[in-house]
Amino acid sequence: MINKKFITHTIFIAMLLVLTTNAQAELWRFQTRGYLSARLSSYMEEKSRNFGQLTRAQLEQSSEFSTSLSALNQLRWTGNTINTDLSTKSTPDKKDNFNAFLGENYIKYKSESWVTQLGYQEVVWGEAFGFNYADIINPKDQRQTFFSDASEARLPLLLFNGKSFFSSGDLSGSLQFLYSPEPRFSKTLPIDIYVGNLFPQGSLTVIKEKTPQIFKTSEIGGKISASYSGFDMALFSFSYLDRDPHYKLSSASLTNITLQEEHTKIKSSGISLAKTIYDFVLRSDIVYTQDKTVNYFENLQLKNFSTNSLNTLLSLDTPTYNDYSGVLIVARSTLSDIMLNSFRQKQEQYFIGKVSKNLGSDKTLEFSYIHEFDHSGHSVQTFLNWPINNATDIKIGGEFYFGDDQSNLKKFKNVSSVFFSIKNYFQL
């Protein structure tokens, strides 16, 4: 049986080709490129498997039909064993281990005062390293726990993305409008990691919610950005299906419990600020989310409640000195209401410090430390990136999680590992 989504995506790509037929073929320019990467991890905890594997591949073609009209087409493949490696009660789906899907596939038209993109694409709001609370548009592969891999964790979303530009004297800025007829959800780590110990059953099954059919549920939002005398500000709002799930009890027995994933409509609004001060860059994000659904236990029964959240972040990027640079971040996430035995705490506070060292010849060494204040959780991420030629990079590093048993970071202890990866870029 042919998958309906595959048909939809194929028709969409065909439409992109049809829309470009009016351009003069002799002026068209194409570029085909991509990459292949593989990572082998060795887990530090005895409860995890000995080794984990992550392979990725991407093939893309950029097409320029005129100075105003262009297109991008991508295919992506991902193989990731982390769900199988870490699951203790649940059985991962085949799609959790291997997935082939469309990456960014869109057509773009631009003029002097506006630009529009139609298709599957990534839209990044906010720029802070680590906890980017303003990055709410695209779902993410949350199994990518290494901060430096954040750009590869975003999953493209079908969007109409229109942006117009304005300027008046020293003031310049843009207005952006987003519309998506096809919500998508994030890929998550096994629920065993977070709350597996709360269920006495030895087996746990999660029924994932399917992506709504195209145009059945819509998401809409916008952003206004302005710059004046070195000060940048943005106001934004987006109404969408929560990328993260909450769970509803489907069935239970003495040996197995089955949970049903659900995603409710939420709305996030916020403000982002940035200012350069003596080569230091000060950034801040404030994001208020309404109608967030959170699970909790009451009398051994799984329930959920609706609440609002306020996420705030303040970061400072330092200038480069003697080939060293750094980032300091303070982040806080607070719920307006909380229930006893909730899946998350009312307030979560973190500090992140990152130091990077340029070793020359494009080699870099990076060290990051995360501290969770309320329950004394800790994490260390570090890697050495070593380009062996213009097309191939190797990376050696590790990530480690520890702290009090009640801390959020301690829940990731089984993810602790050292790794070796190789990435090759190619152009056809």
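Preceding block: the structure.
Residues numbered from 1 in each chain as written. Predicted model: local features only at pLDDT ≥ 70, side-chain atom pairs only at ≥ 80, totals over all residues. Heavy atoms only, no water.

*Asks:* Before we go on, may I ask you to explain the pairing of strand β7 (residues 157-168) in this structure?
*Replies:* Within a regular beta strand, the side chains point alternately toward one face of the sheet and then the other, so they alternate between its two faces. In this structure, strand β6 (residues 114-121) lies alongside β7, joined through eight bridges in antiparallel fashion. Looking at β7, one finds that tryptophan 114 is bridged to serine 164. Sheet topology note: the β7/strand β8 (residues 171-182) ladder contains 10 bridges and is antiparallel. Bridging across to β8, phenylalanine 160 finds its partner in tyrosine 179. (Pairing = 2+ DSSP bridges. Helix = DSSP H or I, 4+ residues; strand = E, 2+ residues; numbered from the N terminus.)

*Asks:* Whenever I open this one, the nonpolar core confuses me. Can you help?
*Replies:* Here is a general trend for soluble globular proteins: nonpolar side chains tend to be buried in one another's company. The biggest cluster of nonpolar side chains holds 33 residues, and the ones touching the most others in it are Leu86, Trp125, Ile136, Ile137, Leu178 and Phe238. Contributing elements (two or more residues each) for this core: α2 (82-86), β7, β11 (231-241), β17 (324-335) and β18 (347-360). Setting aside chain neighbours within four positions, we find isoleucine 136 in contact with Trp125, Phe236, Phe238, Tyr240, Arg243 and Ser268. Counting 10 residues, the second-largest nonpolar core is a separate cluster that includes Val195, Phe199, Leu204 and Leu259. (Core = buried A, V, L, I, M, F, W, Y, C linked by side-chain atoms within 4.5 Å. Buried < 20%, exposed > 50% of the residue type's maximum accessible area, 1.4 Å probe, protein only. Contact = heavy atoms within 4.5 Å.)

*Asks:* Help me understand a nonpolar patch on the surface in this model?
*Replies:* Nonpolar side chains collect at one region of the surface, where Phe166, Leu171, Leu175, Ile224, Tyr228, Phe231, Met233 and Leu235 lie side by side and expose about 660 Å² of accessible area between them. Counting only elements with at least two residues in the nonpolar patch, the list comes to β8, β10 (219-228) and β11. Ranked by residues supplied to the nonpolar patch, first place goes to β11 with three residues. With respect to the element layout, leucine 235 can be found in strand β11. A relative accessible area of 41% means that leucine 235 is categorised as partly exposed. (Patch = residues over 30% accessible without salt bridge, like charges linked within 9 Å, V, L, I, M, F, W, Y side chains within 5 Å. Areas by Shrake-Rupley, 256 points an atom, 1.4 Å probe, with all protein chains shown as cover. Salt bridge = Lys/Arg side-chain N within 4 Å of Asp/Glu carboxyl O.)

*Asks:* Even after reading the chapter, I still don't get the packing of aromatic side chains, so can you show me in this structure?
*Replies:* The description of two aromatic rings rests on the distance between their centres and on the angle between their planes. Under the defined criterion, the tally for this structure stands at 19 aromatic pairs. An angle of 35° between the planes, with centres 5.6 Å apart, marks the rings of tyrosine 401 and phenylalanine 412 as tilted. Here phenylalanine 412 lies in the loop between β21 (392-403) and β22 (417-427) and tyrosine 401 lies in strand β21, a separation of 11 residues in the sequence. Overall, the relative accessible area of 7% leaves tyrosine 401 in the buried class. Overall, the relative accessible area of 17% leaves phenylalanine 412 in the buried class. Each residue in the set Trp125, Phe236, Phe238 and Tyr240 is aromatic and connected to the rest through ring pairs, giving one cluster. Arginine 39 extends its terminal NZ or CZ atom over the ring of phenylalanine 419, reaching a point 4.5 Å from the ring centre. Cation over ring: lysine 363 sits above tryptophan 386, and NZ or CZ is 4.9 Å from the ring centre. (Phe/Tyr/Trp six-rings, centres within 6.5 Å; stacked < 30°, edge-to-face > 60°. Lys NZ or Arg CZ within 6 Å of the ring centre and 35° of its normal.)

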